[in-house]
Amino acid sequence: MDVKIEESWKKLLKAEFEQAYFIQLSEWLKAEKAAGKTIYPSGGNIFNAFNLTPFEKVKVVIIGQDPYHGDGQAHGLSFSVLPGTPLPPSLRNIFKELEQDIGIKTTTQYGDLTDWAKQGVLLLNASLTVRAGEPNSHAPFGWIKFTDSVISLISQKKENVIFLLWGKFAQEKSGLIDESKHKVLKAAHPSPFSADKGFFGCRHFSKVNQILSQIGQDPIDWSLHPTNSIA
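These numbers were taken from a predicted model, which means no experiment stands behind them.

S.K.: So what's going on with the overall build of the chain? Residues and values would help.
M.R.: Counting its regular elements, the chain contains nine helices and six strands. Dimensions of the chain along its principal axes, counting C-alpha atoms only, are 45 × 40 × 35 Å. Expressed as a percentage of the 231 residues in the chain, the buried residues total 56%. Taking as baseline every contact in the chain between residues at least 6 positions apart, the subset at least 24 positions apart corresponds to 67%. With an accessible surface of roughly 10,500 Å², the chain has 51% of that area assigned to carbon and sulfur atoms. Side-chain charges of the chain comprise 25 positive and 24 negative groups, with the mean position of each set lying 1 Å from the other.

S.K.: Tell me about the sheet that holds strand β2 (residues 60-64), and name the residues and values.
M.R.: With parallel pairing, four strands are arranged side by side in an open sheet as β3-β2-β5-β6. Each having just a single partner strand, β3 (121-125) and β6 (183-187) make up the two edges of the open sheet. On average, each strand axis in the sheet is tilted by 20° relative to the strand beside it, whichever way the strands run. Both β2 and β3 contribute to a ladder of five bridges, which runs parallel. Bridged to Gly64 within β3 is Asn125. Along the sheet, helix α7 (residues 143-157) contacts β2, β3 and β5 (162-166); its crossing angle with β3, the most-contacted strand, is approximately 150°.

S.K.: Give me unusual backbone geometry: which residues, what numbers.
M.R.: Residue Pro41 is bonded to the preceding Tyr40 through a cis peptide linkage, with omega at -5°. Checked against the element boundaries, Pro41 lands in the loop between β1 (39-40) and α4 (48-52). Positive phi, normally seen in glycine, also occurs at Phe79, with a value near 70°. With respect to the helices, strands and loops of the structure, Phe79 is situated in the loop between β2 and α5 (89-102). Positive phi is not limited to glycine here, since Arg203 has a value of about 60°.

S.K.: Break down α7 for me, citing the residues and quoting the values.
M.R.: Every α-helix carries 3.6 residues per turn, so stepping three or four residues along brings you back to the same face. With 15 residues, α7 ought to run about 21 Å at 1.5 Å a step, and its terminal C-alpha atoms sit 21 Å apart, in line with that. Residues of α7 that are buried include every one of Trp143, Phe146, Thr147, Ser149, Val150, Ile151, Ser152, Leu153, Ile154 and Ser155, and no others.

S.K.: Go over the pairing of β5 with me, naming the residues and quoting the values.
M.R.: With five of five residues buried, β5 is to be regarded as a mostly interior element. Side chains Ile162, Leu164 and Trp166 of β5 all project onto a buried face; the interleaved residues Phe163 and Leu165 project onto the opposite face, where all are buried too. Summarising the sheet, β2 and β5 pair through three bridges and their orientation is parallel. If you follow Ile62 over to β5, its bridge partner there is Leu164. Across five bridges, the pairing between β5 and β6 is parallel. Bridge pairing links Leu165 to Lys186 in β6.

S.K.: An account of the nonpolar core is needed here, citing residue identities and associated values.
M.R.: Within the largest apolar cluster, 71 residues are counted, with the highest numbers of intra-cluster contacts made by Trp9, Phe47, Phe50, Trp116 and Phe146. At six residues, the largest contribution of residues to this core is made by α7. Beyond its immediate chain neighbours, meaning those up to four positions away, Phe50 contacts Ile5, Glu6, Trp9, Leu13, Leu122, Leu124, Leu128, Phe146 and Val150.

The rules behind these values
Residues numbered from 1 in each chain as written. Predicted model: local features only at pLDDT ≥ 70, side-chain atom pairs only at ≥ 80, totals over all residues. Heavy atoms only, no water. Helix = DSSP H or I, 4+ residues; strand = E, 2+ residues; numbered from the N terminus. Buried < 20%, exposed > 50% of the residue type's maximum accessible area, 1.4 Å probe, protein only. Contact = heavy atoms within 4.5 Å. Areas by Shrake-Rupley, 256 points an atom, 1.4 Å probe, with all protein chains shown as cover. Lys, Arg positive; Asp, Glu negative; His and termini not counted. Charge placed at Lys NZ, Arg CZ, Asp CG, Glu CD. Pairing = 2+ DSSP bridges. Axes fitted to C-alpha atoms, helices over the stretch in contact; angles between N-to-C directions. Expected span 1.5 Å × (residues − 1). Core = buried A, V, L, I, M, F, W, Y, C linked by side-chain atoms within 4.5 Å.

Below, the structure written as C-alpha cells:
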C-alpha cells in the first residue's frame, strides 16, 4: 500500500507497511470512516510527526499514548494541540515544568509543538488515530505494533537519541531501546493525577540540552513561535 509519509521514513518502514497487520489496520480505518465514525487526527495529519521530523533528524523522542479525542485538538504530534485550542491539562503541566526548568513562558492559547518537531523532537503517540470521544479506541487494531517497530528501528539504526518516557505506559517501551547507545530519561506522567509525583522537578528540558551539548549537537530551542508554526 502507498502511505503518504516523509521519504526517509517511507524507505525505512516500507517492509512494515507491507505486513498483513498494517494492511488490515488500513482497511479497518477505511471501514470506520465508511461507517460514519469521526476519526482524529484528520487523514493528512496521521503521520504528521514523521513528516515534520525526518528519520535522519531525530534527536529526541517523546512518547505519548493516544491522540486527543476532542474536536480541533489532535494533529499528529504527541501532547500537541492545534493553535487556538485551550491547553489540555497534561500540556499545561508540561509548560509549567518548562518554565520552572529553564524559564520559558508559554501562552495559554498556544499548544502547537511543531517548532519542537522541526528541530528533531519526534512527538510519537503509540496509537496514531482515535475515534472521537473514545480514548484508546484504536489502540487494539495494530497501531501499537507499528509504533513499537518505529521505536525499535530508531534504537537499532541511530545513536545518541534521547528518549523521554513520561508515565508507566511510556516507560514500558524502555525494553525496545538499547540504553548502551541511547539515553533514556524517565519521569511521572504530566497528567494532573501524577505530575506532582515526579514530573514536576524532573528537569528533562535542561537535561536534554545538556546531553545534546555534550555530544556536540545543537540544543533544542524549547520556546514556541506562533508565527512560524503550521497547523
